[in-house]
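# Residue-level structure breakdown
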Amino acid sequence: MMMQERKLKEIFWCIGYNIYLRGNMRNAKELLEVLVSKSKDKGLKLTPQRMAIFRILSDSDQHFTVDEVYQRAKVEYPMLSPATVYRNMEQMVTAELLSHLDLGGSAMRYDTNLEKHHHFVCDRCSKVNDIYLDEFHYTIDEDRSSLGHSEINDSTLYLHGICTECK
Ligand SMILES: [Zn+2]
Ligand SMILES: [Zn+2]
């Protein structure tokens, strides 16, 4: 009976969609405001460099690497170094303004979208898009999985394919 129950155990995630940060209502100005107000809450000083990084991050839906942010930021701040950009972005992660997005490539990407979401990765241009799933079901094949009595609390999906621009 126990076995039967465990076999039937279904893992169910319901993924909420908060359009405050993403979706139609999300725009650069709004995200910039969120980053600025969160910085104030967390006691991060709004230095000109940090504001420049904020503007770059909020102006795009991309999941930037440090180097991509640096390449854009140095136009405005030629004195800026990649190390400074890296340090700033790591401080933002610690302050929970950004999160790491580790796709296993050579460079860590950063995500400004802190809402629960998943990612679509284009295998041609490597662009990463946020995707939202209203809900999905997985049934764990317990015979072939070594989960034991593990408790599953979260999941992140990386869907791969070819994006519309590359098709
Ligand atoms: Zn593509
Ligand atoms: Zn994302």
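Small disclaimer: the values here were computed from a predicted structure and weren't measured. (Residues numbered from 1 in each chain as written. Chains lettered and ligands numbered in written order. Predicted model: local features only at pLDDT ≥ 70, side-chain atom pairs only at ≥ 80, totals over all residues.)

## A look at helix α3 (residues 48-58)
Cut-off, in case you're wondering: Residue burial is a threshold on neighbouring C-beta atoms within 10 Å of the residue's own C-beta, all placed from the backbone, with 20 or more meaning buried, 12 or fewer meaning exposed, and counts in between meaning partly exposed. In this text, helices come from DSSP runs of H or I with a minimum length of four residues, and strands from runs of E with a minimum of two, each type numbered from the N-terminal end. Contacts here follow a simple rule: the backbone-placed C-beta atoms of the two residues must lie within 7 Å.
Every buried residue belonging to α3 is among Arg50, Ala52, Ile53, Phe54, Ile56, Leu57 and Ser58, and all of these are buried. The elements touched by buried residues of α3 are α2 (28-42), α4 (66-76) and α5 (82-94).

## Overview of the confidence of the model for the protein chain
The following threshold applies: Confidence scores labelled pLDDT are given residue by residue by the predictor and lie between 0 and 100.
Overall, the prediction assigns the protein chain a mean pLDDT of 80, with 84% of residues at 70 or greater. At the level of individual helices and strands, the protein chain shows its lowest average pLDDT in strand β1 (residues 10-14), which scores 34, and its highest in α5, which scores 95. Every residue in residues 1-25 scores below 50 in pLDDT, and together they form 31 contacts with partners more than four places removed in sequence or on other chains.

## Things to note about the environment of glutamine 49
Tracing the sequence through the fold places glutamine 49 in helix α3. Residue class for glutamine 49 comes out partly exposed when judged on the 17 C-beta atoms lying within 10 Å of it.

## Some words on the sheet that holds strand β5 (residues 128-131)
Note the following rule: Between any two strands, pairing holds if DSSP finds at least two bridges. To obtain each axis, a line is fitted to C-alpha atoms, and for helices this fit is confined to the stretch in contact; angles are then taken between N-to-C directions over 0 to 180 degrees.
Strand order in this open sheet of three strands is β5-β4-β7, and the pairing throughout is mixed. Two strands in the sheet have a free side with no partner beyond their single neighbour: β5 and β7 (158-161). Put simply, the sheet's adjacent strands are angled 25° from each other on average, direction ignored. Across four bridges, the pairing between strand β4 (residues 118-122) and β7 is parallel. Note on β7: the bridge partner recorded for phenylalanine 120 is leucine 159.

## Side note on the packing of α3 against α4
As a reminder, the rule being used: The scheme is simple: roughly parallel for angles under 35 degrees, roughly antiparallel for over 145, roughly perpendicular for 65 to 115, oblique for anything else. Left-handed describes a crossing in which the near helix is turned anticlockwise from the far one by less than a right angle; the clockwise case is right-handed.
The N-to-C vectors of α3 and α4 enclose an angle of 125°; their axes lie 10 Å apart at closest approach. With respect to α4, the axis of α3 lies oblique. The handedness of the crossing between α3 and α4 comes out as right-handed. Residue-level contacts link Ala52, Ile53 and Ile56 of α3 to Val69, Arg72, Ala73 and Glu76 of α4.

## A closer look at the pairing of β5
The pairing of β4 with β5 spans four bridges and is antiparallel. In the strand pairing of β5, histidine 118 is matched with isoleucine 131.

## Regarding the environment of isoleucine 162
Here isoleucine 162 lies in the segment after β7. Classification of isoleucine 162 as exposed rests on a count of 11 C-beta atoms within 10 Å. Between the C-alpha atom of isoleucine 162 and that of lysine 127, which follows or precedes it by 35 residues, the distance is 9.6 Å. Setting aside anything within four residues of it in sequence, one finds isoleucine 162 in contact with Cys122, Asp123, Arg124 and Lys167.

## Observations concerning unusual backbone geometry
Positive phi outside glycine occurs at glutamate 96, with the angle close to 65°. Of note, glutamate 96 is situated in the loop between α5 and β2 (99-101). Here the phi dihedral of serine 126 falls at roughly 70°; this positive angle occurs in a residue that is not glycine. Structurally, serine 126 can be placed in the loop between β4 and β5. For serine 126, a count of 13 C-beta atoms within 10 Å gives the class partly exposed.

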